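Spelled out, the chains give:
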Amino acid sequence: MRTNRIFLFLCLAALALASSSCVTTKHVRYLQDMPTYGLPISKTLEATVAPFDELRIQVVTKSGQNEELLKPFNQLHNSQYGGYNNSGNGSLAGYLVDAKGNIQFPVLGDLHVAGLTRLQLQDTIAANIIRNGYLSDPLVVARFANFKVFFLSSSGGKVISIPNERCTFLEALAMAGGLDWYTRRDRIGVMREVNGQRVIHYLDPRSTEIFNDDFFVLQQNDIIFTEERSYKFFSNNLNTVLGVVSSLVSVLSIYTLISNFVQKQQ
C-alpha cells in the first residue's frame, strides 16, 4: 500500500512539473484586446530632441540665393558644442546638444532645441534666420545622427540603430528579434532620462493600452530590459527532472512486481 502511494506521488509530481512549464497564448500573444476594426492614432509618433543628442543640420535656400549668404550657416567653428564638418562637400554639419538642451548655431548663437521634433527644429532655425533678416527663404534640413536604443535580456544585449528617426516600442522589440516564451510581458521596462533623472517605466505589449503610453514612442538612448518567468529553470531542466522521475517510477514498478511475486510464493 505504501509503495502504491509513493508511485502515485511520483506520477503527480511529474504531471505538476510538466504543467508548470507550459506557457499559454494568453501569456505571450501581443495586443490581445485589439479590435478587428482597428484603433485611431491618437498622437503623432515623433521623437524629440534631448540633451546629448547629435544633430546634423544644413541650411539651403528654396530660390537659389547667393551661395555666399549660406556659407556662414554651414561653416565649421570652434565651439565646444558646435558644428564639425564643412569640407565643401555639402554634407550636414553636426551639433551636439548640451546638458541644458541648447546648441550653438553659426550666426544665430545659442538655440534651445530640447523637446522639439525634427520638423519643429527645422522650422525654428528657419524662423530665426528670417526674423534676423539674413535670408528670405531658408530651407533647413535636420537629421538625428545618433538615434539608437538598447535592448537587454538574460540571453544578451543588442544596440538597435534606428534608420528613420522614429521608433516605437513594438518596432524595437521586432528589431531585437522579439521576445521568447519565457519573458514576462507585464514587466518590460523602458529606462529613460527625464528632467535630469533616470526613470523606469513598464509596458505590456499584450494590451492596446501601450498605444496611449508616453513611452510607446521611444527616445534616443532608451534602454529596454526584460525579466524571465520564474519557471524557466524548471522548463530548461524538465527533461532531466522527468528522466529522474521516470527512472524512479520504473524502479518502484519493478520493486512492486517483485514484492507481489514474493508474497504470492509465500
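Everything here concerns the structure above.
Structural notes, computed from the coordinates. All figures in this text were calculated on a predicted structure; none of them were measured in a lab.

1. Observations regarding the overall build of the chain
Along its length, the chain carries 7 helices and 10 strands. In the chain, which comprises 266 residues, the proportion classed as buried is 36%. Nonlocal contacts in the chain, meaning residues at least 24 apart in sequence, comprise 65% of its contacts between residues at least 6 apart. Roughly 15,700 Å² of accessible area belongs to the chain as shown, and the carbon and sulfur atoms make up 56% of that amount.

2. Considerations on the nonpolar core
Core analysis: the largest hydrophobic core is formed by 44 residues, its most contacted members being Ile57 and Phe105. Breaking this core down by element, the ones donating at least two residues are strand E1 (54–61), strand E3 (102–105), helix H4 (118–131), strand E5 (138–144), strand E6 (148–153), helix H5 (169–175) and strand E8 (188–194). With 4 residues, the top contributor of residues to this core is H4.

3. Some remarks on the sheet that holds strand E10 (residues 223–225)
Within a sheet, neighbouring strands are paired by backbone hydrogen bonds and run either parallel or antiparallel to one another. The mixed open sheet is built from 5 strands, whose spatial order is E7-E6-E10-E8-E9. Each edge of the open sheet carries a strand with a single partner, namely strand E7 (156–161) and strand E9 (197–203). Direction aside, the axes of adjacent strands within the sheet are offset by 20° on average. Here E6 pairs with E7 via 6 bridges, running antiparallel. Each bridged residue has a counterpart across the sheet, and for serine 153 the counterpart in E7 is glycine 156.

4. Some thoughts on the pairing of E5
The side-chain alternation of E5 yields one buried face, formed by Pro138, Val140, Ala142 and Phe144, and one unburied face, formed by Leu139, Val141 and Arg143. Where E1 meets E5, 7 bridges bridge the pair, whose relative direction is antiparallel. Bridge pairing links isoleucine 57 to alanine 142 in E5.

5. Notes on the pattern of salt bridges
Summed over the entire model, instances satisfying the criterion amount to 8 salt bridges. Between glutamate 54 and arginine 56 there is a salt bridge; the shortest N-O distance is 2.6 Å. With relative accessibility at 25%, the residue arginine 56 sits in the partly exposed group. Between arginine 166 and glutamate 171 there is a salt bridge whose closest N-O contact spans 2.9 Å. Given the relative accessible area of 28%, arginine 166 is considered partly exposed. Judged by relative accessible area, which is 29%, glutamate 171 ranks as partly exposed. Through salt bridges with shared partners, one network takes in Arg184, Asp186, Arg187 and Glu227.

6. Quick look at the side chain of asparagine 74
Its place among the elements puts asparagine 74 in the loop between helix H3 (67–70) and strand E2 (93–96). For asparagine 74, a relative accessible area of 9% corresponds to the buried category. At 3.0 Å, the side chain of asparagine 74 and the backbone nitrogen of valine 59 are in polar contact.

7. Things to note about the environment of alanine 172
Its place among the elements puts alanine 172 in helix H5. A C-alpha to C-alpha distance of 7.9 Å links alanine 172 and valine 149, two positions 23 residues apart in sequence. Dropping the residues within four chain positions of it, alanine 172 is found in contact with Val149, Ile160, Cys167, Leu218 and Ile224.

8. Describing the side chain of threonine 117
As for its position among the elements, threonine 117 is in the loop between strand E4 (109–112) and H4. Overall, the relative accessible area of 10% leaves threonine 117 in the buried class. Beyond its immediate stretch of four places on either side in the chain, threonine 117 contacts Glu46, Ala47 and Thr48.

Calculation criteria
- Residues numbered from 1 in each chain as written.
- Predicted model: local features only at pLDDT ≥ 70, side-chain atom pairs only at ≥ 80, totals over all residues.
- Heavy atoms only, no water.
- Helix = DSSP H or I, 4+ residues; strand = E, 2+ residues; numbered from the N terminus.
- Buried < 20%, exposed > 50% of the residue type's maximum accessible area, 1.4 Å probe, protein only.
- Contact = heavy atoms within 4.5 Å.
- Areas by Shrake-Rupley, 256 points an atom, 1.4 Å probe, with all protein chains shown as cover.
- Core = buried A, V, L, I, M, F, W, Y, C linked by side-chain atoms within 4.5 Å.
- Pairing = 2+ DSSP bridges.
- Axes fitted to C-alpha atoms, helices over the stretch in contact; angles between N-to-C directions.
- Salt bridge = Lys/Arg side-chain N within 4 Å of Asp/Glu carboxyl O.
- Polar contact = N/O pair within 3.5 Å; in protein donor to acceptor, adjacent residues only side chain to side chain.

Structural measurements only, silent on function.
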